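Spelled out, the chains give:
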Amino acid sequence: MRLVLLGAPGGGKGTQAKKLIEKYGIPQISTGDILRASVAAGTPLGKEAKSYMDKGELVPDSVVIGLVKERVAQDDCKKGYILDGFPRNIAQAEVLDKVLAEMGSPLSTALLIDVDKDVLMKRLTGRRTCKNCQQMYNVYFSAPKKDGVCDKCGGELFQRDDDKEETIKKRLDVYDAQTAPLMDYYKKKGILKSVKGTGSIDEIFNQVCNIVEGK
Ligand code: AP5
C-alpha cells in the first residue's frame, strides 16, 4: 500500500494515519511532523522552515522534496507507506511520481478526507497533542480526562504554533489555491478515492480501510 492522504488542514489526516500504522504496520511519512521535529531541534532546516510555517505558508519545494525522496527510499518503506501532508502542490506531485516511477513502485491510492470548512476551524483551534507520545486530543470533541495531561502516558499536552485563528485562515487559503488542485491531478491518474471526514473517528477509519483494501 502506497497511500497519499489528501485533505484540508484539520481534516483528520494525521488521526487516520496513526490508526493505519497500527493496523497495517507501515510507516506514516508526515512532512509536517518532520519539519516540526527540525524546528524543535533548532537545525538550519528547522530555522528556515519555521518562518514559513508560522505564517501558514508552504515551505519551499526544494526543502520538502529532498526530505521525502530520502524517506521513501528507506528499508521500512518497502512494504508501503502513508504520505500525510505531501504532496502539497502539483510540482511536488510530479516529482513524487517521477521518483516512484524510477523506483518501480507507483502510488496505489490518493485518498481525500473530505470535511466542510466550518468544522475545520474548531478542529484546529481545539487540537492538543501529547509532547511525549503524540496522542491527539481535541478540547471540543475528544478532551483529555485532565486538562493539559495525556490520558495515555501522563505527558504534557501542547497546542501547535500554527493553530491560531489567523494562521489557520491562511493555511486554508493556501490549501484551496495550491493543494486542492491535486484532486483533479489524481482523478486523471485514476487513483483518487474519497471518504467523508465527519462522524466518529472509528467510523471514518472503517471506510478508509475498505478503500485501501479495495473492498
Ligand atoms: P501539516 O502538519 O501537514 O498540517 P496540515 O496539513 O495543516 O494538517 P493538520 O496536521 O493541521 O491536520 P490533519 O488533517 O492531520 O488533522 P488531525 O488528524 O491533526 O503542515 C503544517 C505546515 O508545515 C504547513 O502549513 C507548511 O508550512 C508545512 N508543510 C508541511 N508539509 C509540507 C509540504 N509538503 N510542502 C510545503 N510545506 C509543508 O486532526 C485535527 C483535529 O481534529 C485533532 O484535534 C483531532 O483530534 C480532531 N479530529 C480528527 N478527526 C476527527 C473526527 N472525525 N471528529 C472529531 N474530531 C476529529
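Here's a quick rundown of the structure. (Residues numbered from 1 in each chain as written. Predicted model: local features only at pLDDT ≥ 70, side-chain atom pairs only at ≥ 80, totals over all residues. Heavy atoms only, no water.)

This next bit is on a nonpolar patch on the surface. A surface patch of nonpolar side chains, amounting to about 300 Å² of accessible area, comprises Val139, Tyr140 and Phe141. Positionally, Tyr140 belongs in the loop between strand S6 (136-138) and strand S7 (157-158). (Patch = residues over 30% accessible without salt bridge, like charges linked within 9 Å, V, L, I, M, F, W, Y side chains within 5 Å. Areas by Shrake-Rupley, 256 points an atom, 1.4 Å probe, with all protein chains shown as cover. Salt bridge = Lys/Arg side-chain N within 4 Å of Asp/Glu carboxyl O. Helix = DSSP H or I, 4+ residues; strand = E, 2+ residues; numbered from the N terminus.)

What follows covers unusual backbone geometry. A cis geometry characterises the amide bond from Phe86 onward to Pro87, with omega recorded as -5°. If you trace the backbone, Pro87 turns up in the loop between strand S3 (81-84) and helix H5 (90-103). In this structure, Gln134 takes a positive phi of about 65° despite not being glycine. Residue Gln134 is classed as partly exposed on the basis of its relative accessible area, which comes to 41%. (Buried < 20%, exposed > 50% of the residue type's maximum accessible area, 1.4 Å probe, protein only.)

So, on to the pairing of strand S1 (residues 2-6). Taken across its five residues, S1 has four buried, putting it largely inside the fold. Relative to S3, S1 runs parallel, the two sharing four bridges. In the sheet register, Arg2 faces S3, and the bridge partner there is Tyr81. Relative to strand S4 (residues 109-114), S1 runs parallel, the two being bridged by four bridges. When the bridges of S4 are listed, Leu6 appears paired with Leu112. (Pairing = 2+ DSSP bridges.)

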